[in-house]
Amino acid sequence: MEMTNSFSGDTPAEKVAAAIAEDGYAVVREAVDADTVAAVEADLAPYFDKAHGGHEDFYGKRTKRFGALLAKSTAIQSMLIHPTVLAIADDALLPHCVRYRVHYTGVMHLEPGETRQVLHRDIGIYPIASPCPPLTIATMWALSDFTRENGGTRLVPRSHLWSNERVPKPEEVVATEMPAGSVLIYTGNTIHGGGANYTDGPRSGIALHYNLGWLRQEENQYLAVPQEVARELPDQIQELIGYALGSSSLGVVDHMDPKDYLHGVRDQAQSDLCPPEVVKKVDALARFHVSHSERGLPGYYDVDTD
Ligand SMILES: O=C(O)CCC(=O)C(=O)O
Ligand SMILES: [Fe+2]
């Protein structure tokens, strides 16, 4: 199947959000310029040099991966808080949480010869059966062009609405094609996986994910970003990585707001754990109904699209 939902960089965010709500994914082409891509690559160059392929099948034996990107690059901040991406995260996640968080930051750099990754849902790390409301929003930023031949992320349109039992057919899988500087955005509920790289150059991508603020973040941002680095980050990014209450009292440190604590407040009387705007938002949240389901439902789909 051919990929649809590829939008130019100036497309209104609402239009992209509507496509993601319907199909589970969208591409925004050239959402950042070549200078931003070059700046991110320059920040990360020393880490690329040191990185090597993994030893687990899922993560890829010819895929360089490393994380903690907010401690390694300032240029990456413009990807993390890109207005279209945040508008989509607002649309998908804010009905269900007071704030969402940075869930994961990582490089996914497929070297020539990498084989296809098993298809999966990123929300498979949580024991919640599909379909369910979006728990995470994933972005994959292209540092190189993404093509079908070099391992552009494979996706199954509309699978964010399927139950775990439904297995994708090969003809239901699309491959992401986008030039460097573009971003693929998909929900963590959408079945997807890296492709095989049949070319002689790398497919280089940066994954920045966001999750509901009351779920555990996949990458531990409090260890990934040292406190002295976190203290210097813009307010908005501090809040995104977790230095803000996720609900009344959720995320407290020594009975204080984590952001106050980060900035040296040690007197409980100076910190408000029940700010009225947080309490009001908690009361207004759309509530989940989680039903019990059987153990052992398949979460991985080995679909041959090569
Ligand atoms: O590399 C890709 O295109 C996707 C990788 C992925 O989905 C994952 O590692 O969870
Ligand atoms: Fe994934």
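Going by the structure above, here's the rest.
What counts, and at which threshold
- Residues numbered from 1 in each chain as written.
- Chains lettered and ligands numbered in written order.
- Predicted model: local features only at pLDDT ≥ 70, side-chain atom pairs only at ≥ 80, totals over all residues.
- Helix = DSSP H or I, 4+ residues; strand = E, 2+ residues; numbered from the N terminus.
- Buried ≥ 20, exposed ≤ 12 C-beta atoms within 10 Å, placed from the backbone.
- Arc of directions from axis to C-beta.
- Contact = placed C-beta atoms within 7 Å.
- Pairing = 2+ DSSP bridges.
- Axes fitted to C-alpha atoms, helices over the stretch in contact; angles between N-to-C directions.
- Near = placed C-beta within 6 Å.
- Nonpolar A, V, L, I, M, F, W, Y, C, P; charged D, E, K, R; others polar.
- Right-handed = clockwise from strand over helix to strand, strands pointing away.
- Parallel < 35°, antiparallel > 145°, perpendicular 65-115°, else oblique.
- Left-handed = near helix turned anticlockwise from the far one by under 90°.

Quick look at the environment of Ser8
Working step 1: Positionally, Ser8 belongs in the loop between β1 (6-7) and α1 (13-23).
Working step 2: For Ser8 and Val27, which are 19 residues apart along the polypeptide, the C-alpha to C-alpha distance reads 8.4 Å.

Quick look at helix α4 (residues 83-93)
Working step 1: Among all positions in α4, only Thr84, Val85, Ile88, Ala89, Ala92 and Leu93 are buried. For α4, the angular spread of the buried residues around the axis is 140 degrees, confining them to a single face.
Working step 2: Taken together, the buried residues of α4 touch α1, β2 (25-28), β4 (100-110), β6 (136-142), β9 (183-187) and β11 (203-212).

Considerations on the sheet that holds β4
Two pairing modes exist for strands in a sheet, parallel and antiparallel, and in both the strands are linked by backbone hydrogen bonds.
Working step 1: What the seven strands build is an open sheet, ordered β1-β2-β9-β6-β11-β4-β3; its pairing is mixed. The two strands at the open ends of the sheet, each matched to only one other strand, are β1 and β3 (63-67).
Working step 2: As judged from the five bridges shared by β3 and β4, these two strands associate in the antiparallel manner. For Lys64, the partnering residue across the bridge sits in β4 and is His109.
Working step 3: Strand contacts of α4: β2, β4, β6, β9 and β11, with the helix running at about 160 degrees to β6, the strand carrying the most contacts.

Re the site of ligand 1
Working step 1: Taken together, Met108, Gln117, Asp122, Met140, Thr153, His192, Gly193, Gly194 and Gly205 are the residues near ligand 1.
Working step 2: Counted by class, the shell around ligand 1 contains two nonpolar, six polar and one charged residues.

Description of the pairing of β2
In the case of a regular strand, side chains alternate between the two sheet surfaces.
Working step 1: Residue alternation in β2 divides its side chains into two sets, Tyr25 and Val27 and Ala26 and Val28, and both sets are buried.
Working step 2: Inspection of the sheet shows β1 paired to β2 by two bridges, in the parallel sense. Bridge assignment links Phe7 to a residue of β2, and that residue is Val28.
Working step 3: Note on the crossover from β1 through α1 to β2: the handedness is right-handed.
Working step 4: Bridge count for β2 against β9 is four bridges, and the pairing is antiparallel. The residue bridging Ala26 from the neighbouring strand is Ile185, located in β9.

A word on the pairing of β6
Working step 1: Across the seven residues of β6, seven count as buried, placing the element largely inside the fold.
Working step 2: The alternating pattern of β6 places Thr136, Ala138, Met140 and Ala142 on one face and Ile137, Thr139 and Trp141 on the opposite face, and all of these are buried.
Working step 3: Here seven bridges tie β6 to β11, and the two strands are oriented antiparallel to one another. Its bridge partner being in β11, Ala142 is matched across the sheet by Gly205.

What to know about the packing of α1 against α4
Working step 1: Interaxial distance between α1 and α4 falls to 9 Å at its minimum, and their mutual angle equals 50 degrees. Comparing the axis directions of α1 and α4 gives the class oblique. Where α1 crosses over α4, the handedness of that crossing is right-handed. Across the interface between the two elements, Ala13, Val16, Ala17 and Ile20 from α1 touch Pro83, Thr84, Ala87, Ile88, Asp91 and Ala92 from α4.
Working step 2: Looking at the contact of α1 with α4 residue by residue, the class counts come to eight nonpolar, one polar and one charged.

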